[in-house]
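These are the residues of each chain, in order.
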Amino acid sequence: MELTVSSLYKDYGAKAALRDVSFTLTPGIYGLLGPNGSGKSTLMGIITGNLKQTSGTVLWDGKDIGELGGEYRAILGYVPQHHSLYPEFTASRFLYYMAALKGMTKAEADLQVPEALELVELTAVAKDKVKTFSGGMRQRLAIAQAVLSNPSLLVMDEPTVGLDPYQRETVRKMIVGVAEQKVVLVSTHVVSDIEWISKEVLLLKEGELVRQGSRESLVGEVAGLVPEELKPKGRPLGLEDVYLYFYGEEHGEADLL
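So, here's what we can say about the structure. (Residues numbered from 1 in each chain as written. Predicted model: local features only at pLDDT ≥ 70, side-chain atom pairs only at ≥ 80, totals over all residues. Heavy atoms only, no water.)

## Considering the packing of helix α4 (residues 91-101) against helix α5 (residues 106-119)
Inclusion rule: Axis lines are fitted through C-alpha atoms, for helices just across the contact stretch, and the angle between N-to-C directions can take any value from 0 to 180 degrees. Strands are runs of DSSP state E lasting at least two residues, helices are runs of H or I lasting at least four, and both sets are numbered from the N terminus onward. Note that the term roughly parallel is reserved for angles under 35 degrees, roughly antiparallel for angles over 145, roughly perpendicular for angles of 65 to 115, and oblique for everything else. Two helices crossing with the near one rotated counterclockwise from the far one by less than a right angle form a left-handed crossing, whereas a clockwise rotation gives a right-handed crossing. Any pair of residues with heavy atoms lying within 4.5 Å of one another is described as a contacting pair. When residue character is reported, Ala, Val, Leu, Ile, Met, Phe, Trp, Tyr, Cys and Pro are called nonpolar, Asp, Glu, Lys and Arg charged, and the others, Gly included, polar.
Taken N-terminus to C-terminus, the directions of α4 and α5 make an angle of 135°; their axes are 10 Å apart at the nearest point. Classified by the angle their axes make, α4 and α5 are oblique. Here α4 runs over α5; the crossing is right-handed. Note on element contacts: α5 touches α4 through Lys 106, Ala 109, Asp 110, Val 113, Ala 116 and Leu 117, opposite Ala 91, Ser 92, Leu 95, Tyr 96 and Ala 99. By residue class, the composition of the contact of α4 with α5 is eight nonpolar, one polar and two charged.

Here it is as structure tokens:
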């Protein structure tokens, strides 16, 4: 399993949302970091086939995703930043509906819907209407629909947006729980969402991929770039410091570390 993005560009008129973005992902969890407006959602939209790039390619196991068509959609699970969960549906009915859209048989859905509900800890409220759910429960249901049919590629766009710290931790654990033998890409501007669960982190800034590497390699690079007098006292550098180093000017602070 391999997702390859090569020389990707996306223009909106005179504005370039993505510029020459290239990377390769193999099984594991990858974090896509960047502030709002960095191009994360545009990149996610292209990878999921919901947007068309201006130029460049997205390949799954060496084949263009546009040419794969339904075959690609069958291996793709997607948690969008903004999702519609049909408030009058029960959690169970919503997942059966999504299973039908994915082309699953009734027998397959009968097996996988309960498994998905158990995975996201919603079994007890399977017959409750979505409109009664909290934000965290809705987000867990969105993850449940994404993992139906056991996709090989799981794409999550800001999966913890609007959640409190406890709910964020719950969602992080669920991402780890569903990630085995999958390529998982998690887009976020919240460093703690992906710092300790990611195989590698990709830093996107103003539409360009400025860095890709493990947490340790990125932290080590920044440690060598930041003067000693600007390093935090009493604690080692972390991924938050990497984020602030590359995006600090966008936050209007001179001394961020």
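Moving on from the model shown.
## Quick word on the packing of aromatic side chains
Worth spelling out the cut-off: Aromatic contacts are taken between Phe, Tyr and Trp rings whose centres are within 6.5 Å, Trp giving its six-membered ring; a plane angle under 30 degrees counts as stacked, one over 60 as edge-to-face, and the others as tilted. Accessible area is worked out with a 1.4 Å probe on protein chains only. A residue is then buried under 20% of its type maximum, exposed over 50%, and partly exposed in between. In this scheme, Lys NZ or Arg CZ marks a charge over a ring once it lies within 6 Å of the ring centre and within 35 degrees of the ring normal.
Inspection of the entire model under this criterion finds six aromatic pairs. For the ring pair Tyr 86 and Phe 89, a centre distance of 5.1 Å and an interplane angle of 20° mean the geometry is stacked. Residue classification places Tyr 86 among the partly exposed positions, given a relative accessible area of 37%. The exposure class assigned to Phe 89 is buried, which follows from its relative accessible area of 15%. Between Tyr 86 and Phe 94 the ring centres are 6.2 Å apart and the planes differ by 40°, which places this aromatic pair in the tilted class. Joined through ring pairs, the aromatic side chains of Tyr 86, Phe 89, Phe 94 and Tyr 97 make up one cluster. Directly above the aromatic system of Phe 89 lies the positively charged group of Arg 93, at a separation of 3.9 Å from the ring centroid.

## Thoughts on the sheet that holds strand β4 (residues 55-60)
The condition is simple: Pairing between strands is defined by DSSP: at least two bridges between them are needed.
Overall, antiparallel pairing links the four strands, which are arranged β2-β1-β4-β5 in an open sheet. Single-partner strands in this sheet number two, and they are β2 (15-25) and β5 (63-64). Bridging between strand β1 (residues 3-12) and β2 involves seven bridges; their strand directions are antiparallel. Bridging across to β2, Val 5 finds its partner in Phe 23. Of the strands in this sheet, β1, β2 and β4 touch helix α1 (residues 40-47), which is tilted by about 120° from β1.

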